[in-house]
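# Architecture and fold: a report
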Amino acid sequence: MIIGIDVGGTYTDAVLLKQEQVLEKIKTPTIPDDLLTSLLKALEPLLKAAKNNQIDRIVFSTTLITNLIATGNIDPVALVLIPGPGLNPNTYNFNIPDTFILSGAIDYRGREIEPLKEKEIKECLEAVRARGIKRVAIVGKFSQRNKNHEEAVASYFKQHAPEIQTVMGHQVSGRLNFPRRVVTSLLTLATQNRFQEFYSQIQKVLAQRGITAPIYILKADGGTLPFAQAFLKPVETIFSGPAASTLGVLALTPSGQTSVVLDIGGTTTDLALILSGKPLLASRGARINNHLTHVRAFATKSVALGGDSVVQVGPDSSLEILPQRAGAAYCLGGPQPTPTDAMRVAGLITIGDEKRAREAMNKLGSKLKLPAEQTAALIIELMVKRIAREINEMFLAWEEEPAYRIWELLQKQKIRPQNVVGIGASAPAILPLLGKEMGCRALVPPYAEVANAIGAALAKVTLRLTFHFDTERNFYFIEETGVQEKLGVKGQLSLADAEEMAFKWLRQEGEKLGIPPGEEPELVYSEMFNMVRGWTTTGRLYDICVQFPPGILEDWLERREQNA
Amino acid sequence: MPEKTGLVFFPAFDWAISPTHPEREERLLYTKDQLFEEGIMDLPEICEYKARLATFKDIARVHFCVPEIRAQVTEAHLIAAGGTLVLADALMNKEIKNGFALVRPPGHHAMRVVHGNRGFCNINNEAIMIEYLRKKYGIRKIAIVDTDVHHGDGTQDIYYHDPDVLFISFHQDGRTLYPGSGFTHELGGPRAFGATINIPLPPGTTDEGIHYVLEELVLPVLDDFQPELIVNSAGQDNHYTDPLANMRFTAQGYARLNARLKPDLAVLEGGYAIESALPYVNTGIVLAMAGLDYSYVREPDYRKENFIQPPEKMVYIKELVEYLKEIWKNRTSLGQQKQFHEGDFYEQKRSIYYDTDHIREQQWEQIRLCKTCPGYQMITSRGMYPYGTTRTIFAVAIPWQACLNCQEEARGYYQERIKNPQGLDFVYLQDKPHDIYYQFFVEKDCEIQIE
C-alpha cells in the first residue's frame, strides 16, 4: 500500500492506494503555519483505513520550503563569491548585505587563471566572524569545472571557524549560470536547518505510530527523493504542487498522449503540459521569490483567472473578468459576481444558491440590457476563450525557446494538444466547453479532486546525471553531484566508453536512492566536440546526460492497461 | 523607448565545414560557456530570441547562386541568415534598442555571385538582413562598419554601386592577409563614389590604433552620412591571439569600439581564437551593447604593457586617416572628376578566387550610367571548378532605386538573353522594385520564380 499526501496552500489532499485502486481519499483544509498538524489530519484516517496492512511507501509534497521563502522565514546567509573576469559582480543583485568578493578565477575549461589570495580569505573570515554570521555560501564562477578554489576557501573556514556552516556552489548545481548557482546555494543553506527540523518531527510522529515505511518527498521536477537525502537540497522540493497534479493526470489518463493539464481553482488556473506522455520541464530553473535559480521544475503557468474572479462591466460596456478574487462567489455568500455564479445560472454546477447567482447575473445584465442567462453564457465564453488563449501562448512560448542546434531548431514543429485534462473545482463545468473551443478531447478523470495526492503517491524516484568529459585535460565532472575526477584512462576515451561510464554512474547512484535495478535509464543527449589546436585534434569534449526520467510507477500503469 | 539588447545565439553545434576546419562545431562552445555562466541571458537588459530559417527569396534578394540556391546553402546557413532577420524585426517593432546576432556560419566574403564558398562564407548574412530591412520597412540609408580583420570583400562587392549604403571596412592590410583586397583606392562605383571606404591597417595594430581610426575617421564619416541604421559586421579576429591574423586588438578594445560605435545591429563574422578570444570578446560586445559595465572583461594573459602601439605605426595610421578624410571631404567633386567612363555603361573585368572551394571566377560587369538613378548592373560570370568543369551565367540586377526607364531596359536585357542564351548555363533577374527574382535554366529551358 502506498500513501500520497499533498499539503497545498488551501487544501491538504491524501490518498491510500492499493495496486490500481484508491482505497481512501481525504481532502481537508490546510491549517496555515502548521504543516505538521495538517499532514497528520490527513494521514490519520488513511492509517485507519489501511488497518494493519503494510505501508510500502509514503510520499509527501509540501509547501514547507515555498512558505519559508515566501515569508522570509529563513536563516541569514553570507555570500563569499569568486567571480573572476566578466560581468561586474555588482551587476548581480542578490540582495545580501554580507557579500564578500575574493580574487581568483577559473576559466570555462576548469583551468585556474588567477590564484586565490590567502590574505583576502583570512580577512573575509575575520569580517564574517565580526558580524556574527553563522552560515556562508561559497560560490565561484566555473566552480563546476574546478572546485579547488571553493574547497580551499571552505576548508580554511572549517579549520579556523568550525562553527560556521558552509555550502559550496559546485555541490548545489553544476549547470552553467553563476548567478543562479549563487541564489540556489543561498536558498539551500538558508532552508537546510528548517527542513531538518521538519523531517525530525515527521520521523517522530511516524515512529510513534509504528510506521517504518520509507518516506519520500516530491520535487519540482516530478521526481521523488528519499526524505533523508532531501536535506542536502531542500530547495528542490519547492513548487512540488503542480508537479503532483501533472503526475496525477499522467496516472489517470491514457498514456503517450499530448495533454494540457488545468487546475482551475478559485483564484488561479494553473497550466502544465504533457507532450507525448512526458511532462514538459522548464528549460531553465524555477524563479523563486523573483530570483532565478537552478531548481529544475515542470513548465507551468499560473493564470490569474478562477471560479471566484471578480466579474464587472467595464467602461466600454463589455464584460471583463478581473485578475483578482474578492471573496467567495456571490452564490456562496461572497460580495461580487463571479464565473462560478455564471456557471450556476447556466446549470453547469449545482453548488451555491441559485437565486443569489441569478441576482449576480442580473446585476451585470441590467447594464448590458441582457437577461441573466445570456450574461452568464457571455461570462463563461469569456473565461473559456481566455484559457484557450493562455494555452496556445504556452505552446507558442515552448516553440519559441532558443535552440542551439540545427536539429533542435527544425524539430520543434507546431504541436497542439489531443486532450485538455481538468482537475480542480470548476473543471467539470468548464472542460467540455474548453475542449470544444480548442478542438480536442476534454477529460475530467476519476478522482480528479485528489489527483495531486495520487500523483505524489505514484511518482517514481528520478535521477538525472549530466556529464562533461574533457579528454584533453583528462577529467570529467557531474553537474548534479559536484563530482570532479580524473579520467584515468589510457589513450583517448571514446564517446561509447564515456556513455557507458555515465550509465554505470547512474545505476550506482540510482541504487543508493532505491531505484530498482530493473529500471531502464535513458540517454537524454550525447554530444561530441573535437578540440582542434592548430590543425590537429588534441582532445574531445563529450556532454552526456542520462536519467531515470520522472513518471508513474510501472505497476500502476501496467495494471491500469490490463483493466482497460 | 525599448531598453533591451536582443540576442540571437545560434552556435550551430552540429555543423562544420570539415572536422578540423576553423569553422567547426566547437567554435562558439566556449563562448556559450562564458555567456551562460555569466547569466547574460537572464539579465533584465537582455532579451534572447530564437533564430528562424531565412527563405530562398531572402537570399535571392542579394545573391545569384550557381547552379541554384539549394546547392549553396545548408540548413545552418538559412538559420544563421534567418537569425539576423529575427533581430531586424525585433528592432523595427521596437522590442529592442539594438541587437547582436551571434550566429555561424559567417557571411562577409560572400559576393553577389556565388559559385561556392569563399573565406568560409556562402551567403552574406548582413546583406540579406539589410535587403530585408529595406524591403519590409522601407529603410533607405544604412551604414555597415566591418570590424573583421579580413577585408569584407563580399559586402563591398554587393554594395559597391549603391550610394545609399556606406560600407566602411578596417582590416589588416591586404598585402599581408586574405583576401588581398580592401585598399584605399577602392572607393565605390561611378554612381556611389565615396560610399565605400577601406582602411588597411598595418599588422600589429593595437587598440590605440583602431580607436584612433574610429574616433578620427569612422565616427565623423558616419556623422556626415547620417544613416538610418548602423550595422556592425562584427568579426573578432583583430584579437591578439587570433591564429589566422596578426593584429593586437583586445576584448576591452572590442567592447569600447561597440560602446562608441553604437551599432543598431551587429552580426558575428570571423574570429577563430575560439578559446583565448571569443568567450571574452563576445561577452565584452554584449555588455557594451547592453550599456553594462564591461571593465571587468579581460583575457587571462592580458598585460597592459604588452599592448603599446609602436610610434612609427601610429604615424602611418595617422597619415592614412588624414588621406581618407580628404577623400571623404571631396568625394563629390572627386567622383565627378573620376567620371570613369563616357557613354551608357561603365564596365569592369576581374577575376575572383574561392579559397575554400578552389574555384576561379571571371567576371565582366556592366553598370548602366543613368542621369537620374544609380543604374542597373549586368554581370556575366564564368566559374571554373576543380576537375575542369565550368558554368557561365548572365545576371541582371535592378536596384530598388532604379528609375522606370532603367527598370524597363534591364528587364528587356533579361528577356533578350533567355530567348538567346547561347554560351550560358543560367540567366538571372533580380528585380528589387517588384521584389521578384527569376532564374532561367538554359538546359531545361525553364524559368522559375524564387520564393
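Everything numeric in this text was worked out from a predicted model, so none of it was measured.

Basis of the calculations
Residues numbered from 1 in each chain as written. Chains lettered and ligands numbered in written order. Predicted model: local features only at pLDDT ≥ 70, side-chain atom pairs only at ≥ 80, totals over all residues. Heavy atoms only, no water. Helix = DSSP H or I, 4+ residues; strand = E, 2+ residues; numbered from the N terminus. Rg over C-alpha atoms; globule rule 2.2 N^0.38 Å. Buried < 20%, exposed > 50% of the residue type's maximum accessible area, 1.4 Å probe, protein only. Contact = heavy atoms within 4.5 Å. Areas by Shrake-Rupley, 256 points an atom, 1.4 Å probe, with all protein chains shown as cover. Lys, Arg positive; Asp, Glu negative; His and termini not counted. Charge placed at Lys NZ, Arg CZ, Asp CG, Glu CD. Pairing = 2+ DSSP bridges. Axes fitted to C-alpha atoms, helices over the stretch in contact; angles between N-to-C directions. Parallel < 35°, antiparallel > 145°, perpendicular 65-115°, else oblique. Left-handed = near helix turned anticlockwise from the far one by under 90°. Salt bridge = Lys/Arg side-chain N within 4 Å of Asp/Glu carboxyl O. Expected span 1.5 Å × (residues − 1). Polar contact = N/O pair within 3.5 Å; in protein donor to acceptor, adjacent residues only side chain to side chain. Buried area = accessible area lost by both parts, 1.4 Å probe. Phe/Tyr/Trp six-rings, centres within 6.5 Å; stacked < 30°, edge-to-face > 60°. Lys NZ or Arg CZ within 6 Å of the ring centre and 35° of its normal. pLDDT = per-residue confidence, 0-100. Nonpolar A, V, L, I, M, F, W, Y, C, P; charged D, E, K, R; others polar.

## Some points on the overall build of chain B
Across its full length, chain B carries twelve helices and 17 strands. For 451 residues, the compact-globule estimate of 2.2 N^0.38 gives 22 Å, and chain B sits close to it at 21 Å. Its C-alpha atoms give chain B principal-axis dimensions of about 65 × 50 × 50 Å. Within chain B, buried positions represent 66% of all 451 residues. For chain B, contacts bridging at least 24 residues in sequence account for 71% of all contacts bridging at least 6. Summing over all exposed atoms, chain B offers an accessible surface of approximately 15,900 Å²; the carbon and sulfur share of this is 50%. In chain B, the 46 positive side-chain charges and the 63 negative ones have mean positions that sit 4 Å from each other.

## Thoughts on the overall build of chain A
Check the secondary structure of chain A and you find 16 helices and 27 strands. Relative to the 2.2 N^0.38 estimate, which gives 24 Å for 564 residues, the radius of gyration of chain A is 26 Å and therefore close to what a compact globule would have. Counting only residues that meet the buried cut, chain A has 56% of its 564 residues in that class. Look at the contacts in chain A between residues 6 or more apart in sequence, and 64% of them connect residues 24 or more apart. In the form shown here, chain A has an accessible surface area of approximately 23,800 Å², with 50% of it arising from carbon and sulfur atoms. Across chain A, the 62 positively charged side chains and the 61 negatively charged ones have centroids separated by 1 Å.

## Description of the sheet that holds strand β9 (residues 135–140) of chain A
Residues and elements named next belong to chain A. The sheet built from four strands is open, its strands ordered β6-β5-β9-β10 with parallel pairing. This sheet does not close on itself; its edge strands, each paired only once, are β6 (99–101) and β10 (165–168). When the angles between neighbouring strand axes are averaged without regard to direction, this sheet yields 20 degrees. Note: β9 against β10, four bridges, orientation parallel. Note that in β10 the partner of A137 across the bridge is V167. Packed onto the sheet, helix α4 (residues 148–160) meets β5 (78–82), β9 and β10 and runs at close to 160 degrees relative to β9.

## Comments concerning the packing of helix α1 (residues 29–38) of chain B against helix α9 (residues 278–289) of chain B
Residue and element names in this part refer to chain B. Here α1 crosses α9 at 45 degrees, and the two axes come no closer than 8 Å. Accordingly, the angle class assigned to the pair α1 and α9 is oblique. Crossing handedness for the pair α1 and α9: right-handed. Residues Y30, T31, Q34, L35 and E38 of α1 form the contact with α9, whose participating residues are L278, P279, Y280, N282, T283 and V286.

## As for the pattern of salt bridges
Per the stated rule, a full pass over the model turns up 62 salt bridges over all chains. Across the pair A:D98 and A:R131 runs a salt bridge whose closest N-O atoms are separated by 2.7 Å. Within this pair, whereas A:D98 is found in the loop between β5 and β6, its partner A:R131 is found in the loop between α3 (118–130) and β9, the two being separated by 33 residues in sequence. Note on A:D98: relative accessible area 21%, which makes it partly exposed. A salt bridge links B:D89 to B:K136; its shortest N-O distance comes to 3.3 Å. With a gap of 47 residues between them, B:D89 in helix α4 (residues 75–92) and B:K136 in helix α5 (residues 125–137) connect regions that are remote in the sequence. The class for B:K136 is partly exposed, based on a relative accessible area of 48%. When salt bridges with common partners are traced through the structure, they connect A:D107, A:R109, A:R111, A:D470, A:E472, A:R533, B:R24, B:E26 and B:E275 into a single cluster.

## Looking at α5(B)
All names here are of chain B. Spanning 13 residues, α5 covers 18 Å between terminal C-alpha atoms, matching the ideal 18 Å at 1.5 Å per step. Of all the 13 residues making up α5, ten are buried; the element is thus mostly covered by neighbouring parts of the structure. Considered for burial, the residues of α5 that qualify are N125, E126, A127, I128, M129, I130, E131, Y132, L133 and R134. Between a side-chain oxygen at the N-terminus of α5 and the backbone nitrogen of E126 the separation is 3.3 Å; the capping residue is N124. Count one or two residues on from α5 and you reach G138, which has phi positive near 65 degrees.

## Brief notes about the pairing of strand β17 (residues 446–449) of chain B
Moving residue by residue along a regular strand, the side chains alternate between the two faces of the sheet. Residues and elements named next belong to chain B. Bridge count for strand β16 (residues 436–441) against β17 is four bridges, and the pairing is antiparallel. Note on β17: the bridge partner recorded for Y438 is Q449. Connecting β16 to the next strand, β17, in antiparallel fashion are four residues, including D445 with a positive phi near 50 degrees.

## Here we look at the interface of chain A and chain B
Across the contact, 48 residues belong to chain A and 45 residues belong to chain B. In this assembly, chain A packs against chain B so that about 4,000 Å² is buried in total across both faces, 57% of it on carbon and sulfur atoms. The largest contributions to the chain A side of the interface with chain B come from A:Y108, A:Y404 and A:I406, which together make up 19% of the buried area. Our enumeration of links across chain A and chain B arrives at ten salt bridges. With a shortest N-O distance of 2.9 Å, B:E275 and A:R109 are connected by a salt bridge.

## Considering the packing of aromatic side chains
Summed over the entire model, instances satisfying the criterion amount to 28 aromatic pairs over all chains. Aromatic pair A:F475 and A:F477: ring centres 6.3 Å apart, planes at 25 degrees, arrangement stacked. Each member of the pair, A:F475 as well as A:F477, carries the same accessibility label: buried. For the ring pair B:Y414 and B:Y438, a centre distance of 6.2 Å and an interplane angle of 20 degrees mean the geometry is stacked. Placement of the pair is B:Y414 in helix α12 (residues 404–419) and B:Y438 in strand β16, with a sequence separation of 24 residues. Of the aromatic side chains, those joined through ring pairs into one cluster are A:F60, A:F195, A:F198, A:Y199 and A:F227. One cation-aromatic arrangement involves A:R356 over A:Y330; the distance from NZ or CZ to the ring centre is 3.9 Å. The ring of B:F394 has B:R417 sitting right over it, with the charged end atom 4.7 Å from the ring centre.

## Examining unusual backbone geometry
Between B:R104 and B:P105 the backbone carries a cis peptide bond, its omega angle lying at 0 degrees. By secondary structure assignment, the location of B:P105 is in the loop between β4 (98–103) and β5 (113–114). Look at the link from B:Y178 to B:P179: it is a cis peptide, with omega at -5 degrees. Counting through the fold element by element, B:P179 comes out in the loop between β7 (165–172) and β8 (196–201). Not every positive phi belongs to a glycine, and A:F142 is a case in point at roughly 60 degrees. Mapping A:F142 onto the fold places it in the loop between β9 and α4. Even without glycine at this site, A:K369 takes up a positive phi of about 60 degrees.

## Some details on the confidence of the model for chain A
In the predicted model, chain A carries a mean pLDDT of 91, and the fraction of residues at 70 or more is 100%. Per-element averaging of pLDDT across chain A places helix α16 (residues 554–563) of chain A at the bottom with 74 and β9(A) at the top with 98.

## Topic: the environment of A:R194
Residues and elements named next belong to chain A. In this fold, R194 is placed in helix α6 (residues 178–208). R194 sits 119 residues away from D75 along the chain, and the two C-alpha atoms are 8.4 Å apart. Discounting residues that sit within four places of it in the chain, R194 has contacts with L68, N73, I74 and D75. Within the structure, the side chain of R194 is placed 3.0 Å from the side chain of D75, a separation counted as a polar contact.

## Quick look at the packing of helix α10 (residues 354–368) of chain A against helix α11 (residues 372–399) of chain A
All names here are of chain A. In the contact formed by α10 and α11, the axes pass within 8 Å of each other and the chain directions differ by 90 degrees. Relative to α11, the element α10 is oriented roughly perpendicular. The residues of α11 that touch α10, namely those facing R358, M361, N362, L364, G365 and L368, are A372, E373, T375, A376 and I379. Residue composition of the contact of α10 with α11, grouped by class: six nonpolar, three polar and two charged.

## Comments concerning the pairing of strand β14 (residues 269–275) of chain A
All names here are of chain A. Counting buried positions over the seven residues of β14 gives six, a clear majority of the element. As defined by bridge partners, strand β13 (residues 259–264) adjoins β14 across six bridges and the pair is classed as antiparallel. Its bridge partner lying in β14, D263 is registered against D270. Between β13 and the antiparallel strand that follows it, β14, lie four residues. Here β14 pairs with strand β18 (residues 300–303) via four bridges, running antiparallel. Pairing of T269 across the sheet is with V303, part of β18. Pairing geometry for β14 and strand β15 (residues 278–279), over two bridges, is antiparallel. Among the inter-strand pairings, I274 is bridged to a residue of β15, identified as P279. Connecting the antiparallel pair β14 and β15 is a turn made up of two residues, with S276 showing a positive phi of about 45 degrees.

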